[in-house]
Amino acid sequence: MVVKKIVILDYGSGNLRSAERAVARAGAEVTVTADRDAALAADGLVVPGVGAFAACMAGLRSVQGDQIIGRRLAGGRPVLGICVGMQILFSKGIEHGVTTQGCDEWPGTVDRLNAPVVPHMGWNTVDAPEGSALFEGLRGERFYFVHSYAARSWDLESDPTGTIPAPLVTWSEHGDRFVAAVENGPLCATQFHPEKSGDAGAQLLRNWLATLA
């Protein structure tokens, strides 16, 4: 069995060490770095993120992380975003009335959850679609969320020719529905923290590693 080489992108945001430990436990060789060449060459790139959308985007741009993500995806090279590392993949985020441009890999806006209690903190179930590779063997499992903002709609239209598989979108609910995970070719992301989600999160990371070429 070939051990996959994974880079966790260090751009000044995210619980890097817990992500590093979790991916390593899932069976990968893990490096935490902001080095562009290493990030482009890895079998998989993990983009973590905690805190504010605007701060994460500023940190990401400071290490050319947005360009690294774009380059990898243009070549069909896998990327996994986690928490705010998922949010910044959308077109824009709105926090406290301030709009920040994201990486624009997916159309859509990340904004505040419409719920009586925010942040959404703790364990929650998800509704994964049929055919999901990330959630293989994980039906009914709970995952750990900590967030006040999310993408509350999915705006990417399917390819009318049918030549490109439609993205698989997983939903969860806190107040109203929000996007909990996406599988879109080489680009995957979770709003929850797999590295904090116990056995279910560990299995999800192993599932992701199994999809890497």
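Everything numeric here is computed off the predicted structure, so don't read it as measured data.

Each value, and the rule that gives it
- Residues numbered from 1 in each chain as written.
- Predicted model: local features only at pLDDT ≥ 70, side-chain atom pairs only at ≥ 80, totals over all residues.
- Heavy atoms only, no water.
- Helix = DSSP H or I, 4+ residues; strand = E, 2+ residues; numbered from the N terminus.
- Buried < 20%, exposed > 50% of the residue type's maximum accessible area, 1.4 Å probe, protein only.
- Lys, Arg positive; Asp, Glu negative; His and termini not counted.
- Salt bridge = Lys/Arg side-chain N within 4 Å of Asp/Glu carboxyl O.
- Polar contact = N/O pair within 3.5 Å; in protein donor to acceptor, adjacent residues only side chain to side chain.
- Pairing = 2+ DSSP bridges.
- Axes fitted to C-alpha atoms, helices over the stretch in contact; angles between N-to-C directions.
- Expected span 1.5 Å × (residues − 1).
- Contact = heavy atoms within 4.5 Å.
- Phe/Tyr/Trp six-rings, centres within 6.5 Å; stacked < 30°, edge-to-face > 60°.
- Lys NZ or Arg CZ within 6 Å of the ring centre and 35° of its normal.
- Disulfide = S-S within 2.5 Å.

Q: Just to check I follow, could you spell out the side chain of Glu 183 for this structure?
A: Structurally, the position occupied by Glu 183 is in strand S12 (residues 176–184). Arg 139 is the oppositely charged side chain nearest to the buried, salt-bridge-free Glu 183, at an N-O distance of 8.1 Å. Side-chain polar atoms of Glu 183 contact the backbone nitrogen of Ala 133, separated by 2.9 Å.

Q: Explain the sheet that holds strand S7 (residues 106–112) to me, please; I cannot follow it from the model alone.
A: Hydrogen bonds between backbone groups are what pair the strands of a sheet, and the pairing can be parallel or antiparallel. Spatial ordering of the open sheet is given by S6-S5-S7-S10, a layout of four strands whose pairing is mixed. The open sheet is flanked by strand S6 (98–101) and strand S10 (149–151), the only strands paired with a single partner. Each strand axis lies, on average, 20 degrees off the axis of its neighbour in the sheet, ignoring direction. The pairing of S7 with S10 spans three bridges and is classified as antiparallel. Pairing of Arg 112 across the sheet is with Tyr 149, part of S10.

Q: Mind showing me how you'd approach helix H6 (residues 198–211) here?
A: Because each turn of an α-helix spans 3.6 residues, side chains separated by three or four positions in sequence point in the same direction. Taking 1.5 Å of rise per residue, the 14 residues of H6 would be expected to cover 20 Å, and the 21 Å separating its terminal C-alpha atoms lies within 8% of that figure. Among the residues of H6, those classed as buried are Ala 200, Gly 201, Leu 204, Leu 205, Asn 207, Trp 208 and Leu 209. On the buried face of H6, the contacting elements are strand S1 (5–9), helix H1 (16–25), strand S3 (44–47), strand S4 (79–82), strand S9 (142–147) and strand S13 (187–190).

Q: Where do I start with the packing of aromatic side chains in this structure?
A: When we look at a pair of aromatic rings, we describe it by the centre distance and by the angle of the planes. The final tally for this structure, using the stated rule, is nine aromatic pairs. Ring centres of Trp 123 and Tyr 144 lie 5.6 Å apart, and the angle between their planes is 70 degrees; this geometry places the pair in the edge-to-face category. On the criterion of sequence distance, the pair formed by Trp 123 in strand S8 (residues 120–125) and Tyr 144 in strand S9 is long-range, its members being 21 residues apart. The interplanar angle of 90 degrees and the centroid separation of 5.6 Å between the aromatic rings of Phe 145 and Phe 178 together place this pair among those described as edge-to-face. Residue Phe 145 is found in strand S9, and its partner Phe 178 is found in strand S12; the two are separated by 33 residues along the sequence. Exposure class is identical for Phe 145 and Phe 178. Each is buried. Following the ring pairs from residue to residue traces out a cluster consisting of Phe 135, Phe 143, Phe 145, Phe 178 and Phe 192. Between Arg 177 and the ring centre of Trp 171, over which it is positioned, the NZ or CZ distance is 3.8 Å.

Q: Looking at this structure, I do not really get the state of the cysteines. What am I missing?
A: Such a bond, covalent and formed between the sulfur atoms of two cysteines, is termed a disulfide. All chains considered together, the criterion is met by zero disulfides. Counting only cysteine sulfurs, Cys 83 is the nearest neighbor of Cys 56, a cysteine outside any disulfide, at a range of 8.3 Å. As a non-bridged cysteine, Cys 188 has Cys 103 as the owner of its nearest cysteine sulfur, 16 Å distant. For Cys 188, a relative accessible area of 8% puts it in the buried group.

Q: Whenever I open this one, the sheet that holds S12 confuses me. Can you help?
A: Taking strand neighbours across the sheet as the criterion, the seven strands line up as S2-S1-S3-S4-S13-S12-S11 in an open arrangement whose pairing is mixed. Strands with a single pairing partner mark the edges of an open sheet, and in this sheet they are strand S2 (29–33) and strand S11 (168–174). Adjacent strand axes in the sheet meet at a mean angle of 25 degrees, parallel and antiparallel pairs treated alike. Where S12 meets S13, four bridges bridge the pair, whose relative direction is antiparallel. Across the sheet, Asn 184 pairs through a bridge with Leu 187, a residue of S13. Along the sheet, helix H4 (residues 65–74) makes contact with S1, S3, S4 and S13, crossing S3 at roughly 145 degrees.

Limitation: the analysis is restricted to geometry and does not speak to function.
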